[in-house]
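So the chains spell out like this:
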Amino acid sequence: MEKQILHPNNPSVQPEKAPFRFSKEGIFILLCLAPAIVLVSVFVYYPIIKGSVMAFQNYTLFDLMNIHFIGLDNFKAVISSPNFATVVKNSVYWVFISLFFQLVLGFALALSMRKHFKGRGIYQGLVFFPWAMSGFLIGLIWRWMFNGQFGVINDLLLKTGLIDAPIAFLAEAKWAMASVIIANIWYGVAFFAIMILAALQSIPDELYEAAEIDGANKLHQLFYITLPYILPTLFITVLLRVIWILNFPDIIYSMTNGGPAGATHILSTYLIDKVMFEQNYGQASAVGLIIVVILLSFMVFFTKASKFEKKGDF
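Residues numbered from 1 in each chain as written. Predicted model: local features only at pLDDT ≥ 70, side-chain atom pairs only at ≥ 80, totals over all residues. Heavy atoms only, no water.

### Thoughts on the overall build of the chain
The test is simple: Helix and strand definitions here come from DSSP, where helices need a minimum of 4 consecutive H or I residues and strands a minimum of 2 consecutive E residues; each element is numbered from the N-terminal end. Taken over C-alpha atoms, the radius of gyration is set against a globule rule of 2.2 Å times the number of residues to the power 0.38.
Helix and strand content of the chain: twelve helices and zero strands. Of the regular secondary structure in the chain, the N- to C-terminal order runs α-α-α-α-α-α-α-α-α-α-α-α. Taking 314 residues into account, the globule formula puts the C-alpha radius of gyration at 20 Å, and the chain, at 27 Å, lies well above it. Dimensions of the chain, computed from C-alpha atoms along their principal axes, come out at roughly 100 × 75 × 35 Å.

Okay, here's the thing in structure tokens:
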């Protein structure tokens, strides 16, 4: 059989595919990427795989010579724990109450910073300042502010006559969770303000001018121009904050260490306790996988329910 002759003007004749070979440029690019690939594999992918395997093993530091697969026993032990229901309930409160007030307050601050006024730069710096600090340091600051003996919160409440005696905010279960949520709200408002302000500044002023000519008031402009225009930013910001808040034990650990009597534990602090105090890496890994499943389920539900893929480009 004769080999078909290729002709540049004959589109029906397809050229034979050349065998794959590494070019000098390809080898050079691969060598440049090799350190990054190794680092990511060692510090990201290996811990993920190792942690997933440990969730199904009897892996404790007290019995390292008896590590073996135990199936779903770690998950059963975690879920059947008497504290687990409280941990899940606290996690729900921690995420959604923090998220709601961070969104509302961040949106209000972003609207106020969109206008040009004297001292606007200083005002923006003060609003964004908390986000530049570490979560653990934020927790220490609020721990002293909520101190039951000489904290500034008690001092202000006593001077205004709202209370007659100091409140042990971090030592009483009914106040402790609210206290750490307030600290987290103060910390996370800045992120919403930054993201929403960036989106607001991308809205053309001509849209508002045209709306005013047509007789639209501020409320109409908010619902028919501002919100639709920044909706993609709001969706991605909410999605990111849910993931970060659930995986953010810093403030709780520095303020209450999960106490009193586990009243402020969330899933991420509960995981840390499994490692630090119980030395049970298997159950800690099981808690980690539970967090991953919860977040993946939320991401799928959130993107489908909000039709996120149709909200715009980023």
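Now that the structure has been shown, the text picks up again.
### Some details on the packing of helix α7 (residues 173-200) against helix α9 (residues 218-246)
Here is the rule: Axis lines are fitted to C-alpha atoms, over the contacting stretch for helices. Their N-to-C directions set the angle, which ranges from 0 to 180 degrees. Here a crossing is taken to be left-handed if its near helix is turned anticlockwise relative to the far helix by less than a right angle, and right-handed if that turn runs clockwise. It only takes one pair of heavy atoms within 4.5 Å for two residues to be counted as in contact. Under the scheme applied, nonpolar residues are Ala, Val, Leu, Ile, Met, Phe, Trp, Tyr, Cys and Pro; charged residues are Asp, Glu, Lys and Arg; polar residues are all the others, including Gly.
Two elements in contact, α7 and α9, have axes separated by 9 Å at closest approach and are oriented at 145 degrees. Read as a crossing pair, α7 and α9 show a hand that is right-handed. Between α7 and α9, the contacting residues are Asn184, Gly188, Phe191, Phe192, Met195, Ile196, Ala199 and Leu200 on the first element and Thr226, Ile230, Thr233, Leu234, Thr237, Val238, Leu240, Arg241, Trp244 and Ile245 on the second. Classifying every residue of the contact of α7 with α9 by side-chain character gives twelve nonpolar, five polar and one charged.

### Notes on the packing of aromatic side chains
Heads up, the condition is: Ring pairs shown here join Phe, Tyr and Trp side chains whose ring centres sit within 6.5 Å, with only the six-membered ring taken for Trp; geometry is labelled stacked below 30 degrees between planes, edge-to-face above 60, and tilted in between. Throughout, exposure labels follow a simple rule: accessible area from a 1.4 Å probe, protein chains only, divided by the maximum for the residue type, with under 20% read as buried, over 50% as exposed, and the rest as partly exposed.
The full count for this structure, using the stated rule, is 16 aromatic pairs. Note on Phe100 and Phe101: the rings are 5.2 Å apart at their centroids and 85 degrees apart in plane angle, and the pair reads as edge-to-face. Ring plane angle 25 degrees and centroid distance 5.8 Å describe the contact between Trp144 and Phe150, whose orientation is recorded as stacked. Residues Trp144 and Phe150 agree in their burial class; the two are exposed.

### Points about the pattern of salt bridges
Basically, it comes down to this: The term salt bridge refers to a side-chain nitrogen of Lys or Arg lying within 4 Å of a carboxyl oxygen of Asp or Glu.
In the structure shown here, the tally under the stated rule is four salt bridges. Across the pair Lys218 and Glu212 runs a salt bridge whose closest N-O atoms are separated by 3.8 Å. Assessed through its relative accessible area of 47%, Glu212 is described here as partly exposed. The residue Lys274 makes a salt bridge to Glu278 at a minimum N-O spacing of 3.2 Å.

### Some thoughts on the confidence of the model for the chain
Operational definition: How sure the predictor is of each residue is captured by pLDDT, a score from 0 to 100.
Taken over all residues, the pLDDT of the chain has a mean of 86, while the share at 70 or more is 91%. Considering only residues more than four positions removed or in separate chains, one finds that residues 1-5, a stretch of pLDDT under 50, has three contacts.

### Digging into the nonpolar core
In summary, soluble globular proteins display a tendency toward joint burial of nonpolar side chains. The following threshold applies: To form a nonpolar core, buried Ala, Val, Leu, Ile, Met, Phe, Trp, Tyr and Cys residues must be joined to one another through side-chain atoms within 4.5 Å.
If you look at the biggest cluster of nonpolar residues, it comprises 60 residues, and the most contacted ones within it are Trp94, Ile196, Ile230, Ile251 and Met255. No other element matches α7, which puts 13 residues into this core. Setting aside chain neighbours within four positions, we find Met255 in contact with Gly139, Trp142, Arg143, Phe146, Leu170, Ser179, Val180 and Ala183.

### Observations regarding the layout of surface pockets
Rules: Here a cavity is any set of points on a 1 Å grid over the protein atoms alone where a 1.4 Å probe fits but cannot get out, and a pocket is any open set with protein on both sides within 12 Å along at least 5 of 7 lines; a residue lines the site when it has an atom within 4 Å of a point. Grid points are joined across faces, edges and corners, and a volume is the space filled by probe spheres set on the points.
Volume-wise, the largest pocket comes out at about 450 Å³. Every residue lining the largest pocket is counted, 15 residues in all, and those nearest its centre are Arg114, Lys115, Tyr208, Lys218 and Gln221. Among the elements of the structure, α3 (84-114), α8 (205-213) and α9 are those that each provide at least two residues to the lining of the largest pocket. Here the residues of the lining of the largest pocket sort into four nonpolar, four polar and seven charged.

### Details of the environment of Met299
Its place among the elements puts Met299 in helix α12 (residues 281-305). Under the relative-accessibility criterion, Met299 is labelled partly exposed at 30%. Spatially, the C-alpha atoms of Met299 and Leu239 are 7.2 Å apart, while their sequence positions differ by 60 residues.

### Section: α7
Applied cut-off: Any helix carries an expected span of 1.5 Å times its number of residues minus one. What we call the bend at a residue is the angle made by axes fitted to the seven residues finishing there and the seven residues starting there.
An ideal rise of 1.5 Å per residue puts 40 Å on 28 residues; α7 measures up with 40 Å between its terminal C-alpha atoms. Most pronounced at Gly188, the bend in α7 amounts to some 30 degrees.

### Observations concerning the packing of helix α4 (residues 120-128) against α7
Defined as follows: For this classification, under 35 degrees means roughly parallel, over 145 means roughly antiparallel, 65 to 115 means roughly perpendicular, and everything else is oblique.
Running from N to C, α4 and α7 point in directions that differ by 135 degrees, and their axes come no closer than 8 Å. In terms of axis orientation, α4 runs oblique to α7. For the pair α4 and α7, contact is made by Gln124, Val127 and Phe128 and by Ala190, Ala193, Ile194 and Leu197, respectively.

### Examining the environment of Gln201
Considering the arrangement of structural elements, one finds Gln201 in the loop between α7 and α8. The residues touching Gln201, leaving out its near neighbours within four places in the chain, are Arg114 and Arg120.

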